[in-house]
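In case you want the letters, here they are:
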Amino acid sequence: MKQYTITRVRGDVPLGDAVDGTPWEATPEFRIDEFSWHESGPKPLTIGRACYDDEAIYLQFFVEDDDITASVTELNGPTFEDSSVEFFADPTPAEDSLYVNFEPNCCGQFKLAWQEAGWQERGLDRDLISPELADRISVRTSVPGSTADGDFDVDGWWLAAAIPFDVLSELTGREIAPTAGTEWRGNFYRSGVASDSQKATWNPIEKPEPVFHSPEYFGRLRFA
């Protein structure tokens, strides 16, 4: 099981691609480079960082992508079908197996839900974020516009997000306020790719087919 340290930072965290001279510089990288279902073709790399302060958790991704596409424009739509990244996290691993999944596409539209693995098959409910709560989440990306058609003369994109802890608290009904020593479980993913061969994870998933909703394969996320 991999472990990633989410660094506490001071000062404003810019939601952009700058690293040097910003709080991002003090945070370690994670690499979404486990291609558990690779059979052929390229292995596009995604590199990310995560940090936090009293108010929010911040995410930054740099994505290799030679076919940048997105068509989902509605909140909580199937953004995983677009060029996208995903962050799944269980903030209370000692209590239960519920987790949040944040799935932003390359244009900044996202899904955010609170659920348990197998919720649909087991007839359970899941809570999708409301528009009012979603408006308090900030997402910035290098891809202009609300959709993308693949006609870009670039080979990648970046995305940065700020997810306030009070938003997560309202969504989950739990007090989400990590401090040094808090440990979550979670995983980072690359989705919306050409085939299963290009789907990648940070912590490996040992299943014959891609099933990102696999909390048993979450890694350790330790707040420092």
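Rules used in this analysis
Residues numbered from 1 in each chain as written. Predicted model: local features only at pLDDT ≥ 70, side-chain atom pairs only at ≥ 80, totals over all residues. Heavy atoms only, no water. Salt bridge = Lys/Arg side-chain N within 4 Å of Asp/Glu carboxyl O. Helix = DSSP H or I, 4+ residues; strand = E, 2+ residues; numbered from the N terminus. Buried < 20%, exposed > 50% of the residue type's maximum accessible area, 1.4 Å probe, protein only. Phe/Tyr/Trp six-rings, centres within 6.5 Å; stacked < 30°, edge-to-face > 60°.

A. How the structure looks around the pattern of salt bridges. This model, assessed by the stated rule, comprises 14 salt bridges. Ionic pairing is found between Asp 65 and Arg 190, a salt bridge with its closest N-O pair at 3.0 Å. Residue Asp 65 is found in the loop between strand E4 (56-64) and strand E5 (69-70), and its partner Arg 190 is found in strand E13 (residues 183-191); the two are separated by 125 residues along the sequence. Neither Asp 65 nor Arg 190 differs from the other in exposure class; each is buried. A salt bridge links Glu 95 to Arg 174; the shortest N-O distance between them is 3.9 Å. With Glu 95 in the loop between strand E6 (84-90) and strand E7 (98-104) and Arg 174 in the loop between helix H2 (165-172) and E13, the pair connects residues that are 79 residues apart, well separated along the chain. We classify Glu 95 as exposed; its relative accessible area is 61%.

B. Highlighting H2. Burial within H2 is extensive, with six of its eight residues counted as buried. Burial in H2 covers these residues: Phe 165, Val 167, Leu 168, Ser 169, Leu 171 and Thr 172. Two residues or fewer past H2, Gly 173 is found with a positive phi of approximately 75°.

C. Focus on the packing of aromatic side chains. With the rule as written, the count across this model stands at 15 aromatic pairs. With a centroid separation of 3.8 Å and 10° between ring planes, the pair formed by Phe 30 and Phe 188 is classed as stacked. Of the two residues, Phe 30 sits in strand E2 (residues 30-32) while Phe 188 sits in strand E13, which places them 158 residues apart along the sequence. Owing to a relative accessible area of 0%, Phe 188 belongs among the buried residues under this scheme. Taking 4.9 Å as the distance between ring centres and 90° as the angle between the ring planes, the aromatic pair formed by Phe 88 and Tyr 189 counts as edge-to-face. With a gap of 101 residues between them, Phe 88 in strand E6 and Tyr 189 in strand E13 connect regions that are remote in the sequence. Judged on exposure class, the residue Phe 88 and its partner Tyr 189 are both buried.

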